[in-house]
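What follows is each chain in one-letter form.
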Amino acid sequence: MTSHASTLARTREKPRVRPAGHDRLAAWAFLAPVVVYLVAFYAYPLYRNLDLSLRHYTVRSFVRGDAPFSGLDNYRTVFADPTFGPALLHTLVFTVASIAVQFAAGLALAVFFAQHFRLSSTLRALFLVPWLLPLIVSASTWSWMLNSDSGVVNHALSLVNVDAVNWLTSPDWALASVVIANIWIGIPFNLVVLHSGLQAIPAEVHEAAAIDGANGWQRFWRVTFPLLRPVSAITLLLGLVYTLKVFDIIWIMTKGGPADASTTFATWSYRLSFGNLLPEFGPGAAVGNLLIVMALVFGLLYIRIQRRQSL
Amino acid sequence: MRQYAKTGLGLLFTAIMLFPVYWMVNVSFTKDTDMRADPPHLFPWDGTLEGYRAVLDQQLPYLGTSLIVGLGTVALTLVLAAPAGYALAKLRPQGGGTLSFVLLIAQMIPGIIMAMGFYAIYLRLGVLNTIPGLILADSTIAVPFSVLIFTAFMSGIPDELINAAQIDGASRWRTFRSVILPVSRNAIVTVSLFAFLWAWSDFVFATTLDGGGDHQPITLGIYHYIGNNNQQWNAIMATAVVASIPATLLLILAQRYVAAGVTAGAVKD
């Protein structure tokens, strides 16, 4: 998934000839469906969610909608919860570790595939497969590959005399397991975006550097990497926004366990609201809103950088 | 490095990357009795179609639901996004920039939070566990992205084309239908592909809003399989293989659209 700050920038840059009254009406007639839609199916659910987080809900009052207003109580509950610290830590570790490796691997592969050789574009296309598969497919495949007793990963480790690892069932490894699966899913996005960034660097720049006697390594670090910085910033920030909200993979592989070992804000919020027999909608919504704030901080940073670049 | 060496290395990287996909296919053909063999069977020499038989017996209704939900999401997304893209790209009303900004932000809101809000609303309206409810929720993944894709694409349509139609006396609506839409085929294909794929793959909305429904999508079909602890991994992986068919078709038939969708907007040209 990508965003379109450049579109935004483009619409802003255009010299503005104000359409006449009639045209303005026509324009908003075309926009009306989407505006109504955004209000009804984006703004309203978000408002409901905010409302949920500010009231004291029981199952009964949730159905009837007469829960008493409780101010920031739910947020206090969440902050005081013993899960808060670990969930915050895991969210950060999951996000940073995933992005660092995805980006490094994506960049290395992008540079590799940018050299034209036989099959290079076909192979690059095949790299998209993990990104296109439904997350439940990837997550269940990785679950079985990481199975302690019969998984192919532990079998491979046994070939090099490494003891079997309880990937999904030991608190020490559960977070690492979901990070590995998430990295695998995220590499294609980084590869494709960085590859198209590389295409935008004129070939003459490399040729000039080569003539000046720079070797491949120097050319990458002194020429390619600095020129790729704007695209890299965008890729990293978008990755950040999208990794913060990862839920499916973790929930399907470990349900955030064992004992909260792989619980992030996303899975915690889901578990509070839907994972127990007695749902805690208020605290669940509060955790969700904290997650929105985190995503928006990086999201706005992304838009800022994207805009500055297009000016 | 010589050309062949590079191709060889490329093949190696691709093989490593796609190993999990291979493993999924391999396990889907493996007999129950061989599932925990040590060493694991790297190729299903002595394979079985049991897993796929289970798919035919049990998963067809789920696949049908996913197909309906996917197509419904595509239709809803196109109807909402194409006119909006036209207005933002060509009519550029006051406030258009703000709307684009809102769409950009909307894409960043975690699906799980949208799901909680939808749950509260759907419960009250009594549309939990219905297909239209799921289509509506799934469309929120695709609509902001699609409006922005249409805007970017339609900005590139020459104004002369539109002016010519207007001089011929066509209304705005007529211009949109008869001039803009036909030349926007690529954008329509891109948007449809992504909307379908995202709806088909959706798990978050399915599990929160359709968890108790009579008609559940394939992602829940797989999830129930895993949850039942029946350990019938060939059936689980066979379902996963079948659920991957749309993604595979997309890559084969529409590769250039996919790449365009991934990079659109993230990189400035």
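Quick note: structure is the one above.
Residues numbered from 1 in each chain as written. Chains lettered and ligands numbered in written order. Predicted model: local features only at pLDDT ≥ 70, side-chain atom pairs only at ≥ 80, totals over all residues. Heavy atoms only, no water.

An account of the overall build of chain B is requested, with residue identities and associated values reported.
Of regular secondary structure, chain B possesses 13 helices and 0 strands. Mapped in sequence order, the helices and strands of chain B form the string α-α-α-α-α-α-α-α-α-α-α-α-α. Counting across all 269 residues of chain B, residues that qualify as buried make up 58%. Taking the contacts inside chain B whose residues are at least 6 apart along the sequence as the reference set, 72% of them involve residues at least 24 apart. Taken as a whole, chain B presents about 11100 Å² of accessible surface, with 63% of it coming from carbon and sulfur. Averaging the locations of the 14 positively and 14 negatively charged side chains of chain B gives two centres separated by 14 Å. (Helix = DSSP H or I, 4+ residues; strand = E, 2+ residues; numbered from the N terminus. Buried < 20%, exposed > 50% of the residue type's maximum accessible area, 1.4 Å probe, protein only. Contact = heavy atoms within 4.5 Å. Areas by Shrake-Rupley, 256 points an atom, 1.4 Å probe, with all protein chains shown as cover. Lys, Arg positive; Asp, Glu negative; His and termini not counted. Charge placed at Lys NZ, Arg CZ, Asp CG, Glu CD.)

Any chance you could break down the packing of helix α10 (residues 174-199) of chain A against helix α1 (residues 3-28) of chain B for me, citing the residues and the numbers?
Running from N to C, α10(A) and α1(B) point in directions that differ by 130 degrees, and their axes come no closer than 11 Å. One element, α10(A), and the other, α1(B), form an angle in the oblique class. The element α10(A) and its partner α1(B) pack so that their crossing is left-handed. Between α10(A), through A:Trp184, A:Ile187 and A:Pro188, and α1(B), the contact on the second element is made entirely by B:Met17, B:Pro20 and B:Val21. By residue class, the composition of the contact of α10(A) with α1(B) is 6 nonpolar, no polar and no charged. (Axes fitted to C-alpha atoms, helices over the stretch in contact; angles between N-to-C directions. Parallel < 35°, antiparallel > 145°, perpendicular 65-115°, else oblique. Left-handed = near helix turned anticlockwise from the far one by under 90°. Nonpolar A, V, L, I, M, F, W, Y, C, P; charged D, E, K, R; others polar.)

Describe in detail the interface of chain A and chain B, supporting the description with residues and values.
Every contact between the two is made by 110 residues of chain A and, on the other side, 106 residues of chain B. Of the roughly 9800 Å² buried between chain A and chain B on both sides combined, carbon and sulfur atoms contribute 76%. Joining chain A to chain B, the criterion identifies 0 salt bridges. In this assembly, chain A and chain B are joined by 12 residue pairs in polar contact (both at pLDDT 80 or more). Here the side of chain A that touches chain B takes 20 residues from helix α2 (residues 21-53) of chain A, the largest share from any one element. (Buried area = accessible area lost by both parts, 1.4 Å probe. Salt bridge = Lys/Arg side-chain N within 4 Å of Asp/Glu carboxyl O. Polar contact = N/O pair within 3.5 Å; in protein donor to acceptor, adjacent residues only side chain to side chain.)

Residues and numbers for the environment of A:Trp217, please.
Relative to the assigned elements, A:Trp217 resides in helix α12 (residues 216-227). With 77 residues separating them in the primary sequence, A:Trp217 and A:Met294 have C-alpha atoms 37 Å apart.

Pulling in residues and values, what's your account of the pattern of salt bridges?
Residues and elements named next belong to chain A. A complete count under the given rule lists 6 salt bridges over all chains for this structure. Between aspartate 51 and arginine 48 there is a salt bridge, with the nearest N and O atoms lying 3.4 Å from each other. Of this pair, aspartate 51 and arginine 48 both sit in helix α2, 3 residues apart, which is roughly one turn of the helix. As far as the burial class goes, aspartate 51 and arginine 48 line up, both buried. A single salt-bridge network, built from bridges that share partners, covers Arg48, Asp51 and Arg55.

Break down the layout of surface pockets for me, citing the residues and quoting the values.
Residues and elements named next belong to chain A. The calculated volume of the largest pocket comes to roughly 680 Å³. Around the largest pocket, the lining comprises 20 residues; the ones closest to its centre are Val111, Ala114, Gln115, His206 and Thr224. Secondary structure elements with two or more residues in the lining of the largest pocket: α5 (84-114), α10, α11 (203-211) and α12. Here the element with the most residues in the lining of the largest pocket is α5; it accounts for 6 residues. Looking at the lining of the largest pocket residue by residue, the class counts come to 12 nonpolar, 6 polar and 2 charged. (1 Å grid on protein atoms, 1.4 Å probe; cavity = no way out; pocket = protein on both sides within 12 Å on 5 of 7 lines; lining within 4 Å. Points joined across faces, edges and corners; volume = space filled by probe spheres on them.)

Quick rundown of the nonpolar core? Include the residues and the values.
Judged by nonpolar contacts, the single largest core of 184 residues is most densely connected at A:Met253 and A:Phe265. It is helix α2 (residues 50-91) of chain B that provides the largest number of residues to this core, a total of 15 residues. Excluding its chain neighbours within four sequence positions, the residues that come into contact with A:Met253 are A:Ala139, A:Trp142, A:Ser143, A:Leu146, A:Leu168, A:Ser177, A:Val178 and A:Ala181. (Core = buried A, V, L, I, M, F, W, Y, C linked by side-chain atoms within 4.5 Å.)

Outline α12(A), listing residues and values.
All names here are of chain A. Helix length check: α12 (12 residues) gives 15 Å between terminal C-alpha atoms against 16 Å at 1.5 Å per residue, within 8%. Buried within α12 are the following residues: Phe220, Val223 and Thr224. All buried residues of α12 fall inside an arc of 125 degrees around its axis, so they share one side. Set apart from the buried face of α12 by more than 90 degrees, the exposed residues are Trp217 and Arg222. Buried residues along α12 sit against α5, α10 and α11. Where α12 begins, the capping side chain belongs to asparagine 215, and its oxygen is found 3.2 Å from the backbone nitrogen of tryptophan 217. (Expected span 1.5 Å × (residues − 1). Arc of directions from axis to C-beta.)

With reference to specific residues and values, describe the side chain of B:Thr7.
Position of B:Thr7 among the secondary structure elements: in helix α1. When its relative accessible area of 9% is taken as the criterion, B:Thr7 is described as buried. When near neighbours in sequence (up to four residues on either side) are disregarded, B:Thr7 contacts A:Phe117, A:Arg118, A:Leu119 and A:Leu123.

I'd like a description of empty space enclosed by the protein, backed by residues and values.
By rolling a water-sized probe across the atoms, one finds the places where empty space is left. Inspection of every chain in the model, using the stated rule, returns 6 cavities of 30 Å³ or more. Reported here for the second largest cavity is a volume of approximately 70 Å³. Residue lining of the second largest cavity: A:Trp144, A:Ser150, B:Trp23, B:Asn26, B:Val27, B:Thr30, B:Asp34, B:Met35, B:Pro40 and B:His41, and that is the complete set. If one sorts the elements of the lining of the second largest cavity by residue count, α1(B) sits on top with 3 residues. Tallied by class, residues from the lining of the second largest cavity come to 5 nonpolar, 4 polar and 1 charged.

Could you give an account of unusual backbone geometry, naming the residues involved and the relevant values?
You will see that A:Asp260, though not glycine, has its phi angle at about 65 degrees, which is positive. Here A:Asp260 is to be found in the loop between α14 (248-254) and α15 (265-275). In the Ramachandran plot, B:Arg92 falls in the positive-phi region, its phi being about 40 degrees despite a non-glycine side chain. Position of B:Arg92 among the secondary structure elements: in the loop between α2 and α3 (96-106).

Before we move on, could you go through a nonpolar patch on the surface and cite the residues and values that matter?
A surface patch of nonpolar side chains, amounting to about 500 Å² of accessible area, comprises B:Tyr22, B:Leu42, B:Phe43 and B:Trp45. Position of B:Tyr22 relative to the elements: it lies in helix α1. (Patch = residues over 30% accessible without salt bridge, like charges linked within 9 Å, V, L, I, M, F, W, Y side chains within 5 Å.)

Give a description of the packing of aromatic side chains that names residues and reports values.
Note on aromatic pairs: each is described by the distance of the centres and the angle between the planes. On inspection of all chains with the given rule, the structure shows 44 aromatic pairs over all chains. Residues A:Trp142 and A:Trp184 carry aromatic rings whose centres are separated by 5.9 Å and whose planes lie at 70 degrees to one another, so their mutual orientation is edge-to-face. Remark: A:Trp184 occurs in helix α10 and A:Trp142 occurs in helix α8 (residues 135-145); sequence separation between them is 42 residues. The two residues A:Trp142 and A:Trp184 agree in class, both being buried. Plain terms: the ring middles of B:Phe43 and B:Trp45 are 4.5 Å apart, the flat faces sit at 45 degrees to each other, and that makes the pair tilted. For B:Phe43, a relative accessible area of 40% translates into the label partly exposed. Taken together, the ring pairs connect A:Phe247, A:Trp251, A:Tyr270, A:Phe274, A:Phe281, B:Tyr119, B:Phe203 and B:Tyr223 into an aromatic cluster. (Phe/Tyr/Trp six-rings, centres within 6.5 Å; stacked < 30°, edge-to-face > 60°.)

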